[in-house]
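If you want the building blocks of each chain, they are given just below.
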Amino acid sequence: MNTHLSPLAKHIRDIRFVWGWSQERLAKALHCDQASISFWERDKIVPSGVSLVALACLCGTTVYALQTGKGWETPAEPANLPAFED
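It should be emphasised that the depicted structure is a prediction, and the values quoted were computed from it without experimental measurement.

> So what about the overall build of the chain? Which residues, and what values?
When its secondary structure is counted, the chain shows five helices and zero strands. Counting across all 86 residues of the chain, residues that qualify as buried make up 35%. Within the chain, contacts between residues at least 6 apart in sequence are counted, and of these 61% link residues at least 24 apart. With the model as given, the accessible surface of the chain reaches about 5200 Å², and the carbon-plus-sulfur share is 55%.

Dropping the structure here:
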């Protein structure tokens, strides 16, 4: 396991853990595929600009906070999302 993950990769994992979401559920919320979430969490690829903005909006934060950890607080699960089946 990569112990030197970027702040972004750690935040994506933390968000899912705190929210109790699967990679598939997060992928559906961001309109991407589960493999992308897996790659992001393992620092294999960086989300595209559109995906970063969507993730920041979902979390109620900024892209800067997601990427750097400055001003980051793990957000509460969003309340007004459609129900996704895993």
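> I'd like a description of the environment of Tyr-64, backed by residues and values.
Within the element layout of this structure, Tyr-64 appears in helix α5 (residues 63-68). Considering only alpha carbons, one finds Tyr-64 and Val-53, 11 residues apart in sequence, at a separation of 10.0 Å. For Tyr-64, the residues in contact, after removing those within four places along its chain, are Gly-69 and Lys-70.

> Outline the environment of Gly-69, supporting the account with residue identities and numerical values.
You can see Gly-69 is positioned in the segment after α5. Residues Gly-69 and Lys-10 lie 59 residues apart in sequence; the distance between their C-alpha atoms is 9.4 Å. Apart from the residues within four sequence positions on either side, Gly-69 is in contact with Pro-7, His-11 and Tyr-64.

> Now, about the nonpolar core: what can you tell me, with residues and values included?
Ranked by size, the top nonpolar core spans 19 residues in total, and within it Leu-26 and Leu-55 carry the most contacts. Broken down by secondary-structure element, the contributors of at least two residues to this core are α1 (7-19), α2 (23-30), α3 (34-41), α4 (49-59) and α5. Ranked by residue count, the leading element in this core is α4, at five residues. Apart from the residues within four sequence positions on either side, Leu-26 is in contact with Ile-12, Arg-16, Trp-21, Ile-37, Leu-55 and Leu-58.

> Describe in detail the packing of α2 against α4, supporting the description with residues and values.
Relative to each other, α2 and α4 sit at 105 degrees, their axes nearing to 10 Å. Classified by the interaxial angle, the pair formed by α2 and α4 is roughly perpendicular. Along the contact surface, α2 presents Leu-26, Ala-29 and Leu-30, while α4 presents Ala-54, Leu-55 and Leu-58. Across the contact of α2 with α4, the residue classes break down as six nonpolar, no polar and no charged.

> I'd like a description of the pattern of salt bridges, backed by residues and values.
One pass over the structure, following the stated rule, counts two salt bridges. For the salt bridge of Glu-41 with Arg-16, the shortest nitrogen-to-oxygen distance reads 2.4 Å. A residue pair is termed long-range when its members are at least 10 positions apart, and Glu-41 in helix α3 and Arg-16 in helix α1 qualify at 25 residues. For the pair formed by Glu-41 and Arg-16, the shared burial category is buried. Across the pair Arg-25 and Glu-77 runs a salt bridge, and its minimum N-O distance is 3.8 Å. A residue pair is termed long-range when its members are at least 10 positions apart, and Arg-25 in helix α2 and Glu-77 in the segment after α5 qualify at 52 residues.

The rules behind each value
- Residues numbered from 1 in each chain as written.
- Predicted model: local features only at pLDDT ≥ 70, side-chain atom pairs only at ≥ 80, totals over all residues.
- Heavy atoms only, no water.
- Helix = DSSP H or I, 4+ residues; strand = E, 2+ residues; numbered from the N terminus.
- Buried < 20%, exposed > 50% of the residue type's maximum accessible area, 1.4 Å probe, protein only.
- Contact = heavy atoms within 4.5 Å.
- Areas by Shrake-Rupley, 256 points an atom, 1.4 Å probe, with all protein chains shown as cover.
- Core = buried A, V, L, I, M, F, W, Y, C linked by side-chain atoms within 4.5 Å.
- Axes fitted to C-alpha atoms, helices over the stretch in contact; angles between N-to-C directions.
- Parallel < 35°, antiparallel > 145°, perpendicular 65-115°, else oblique.
- Nonpolar A, V, L, I, M, F, W, Y, C, P; charged D, E, K, R; others polar.
- Salt bridge = Lys/Arg side-chain N within 4 Å of Asp/Glu carboxyl O.

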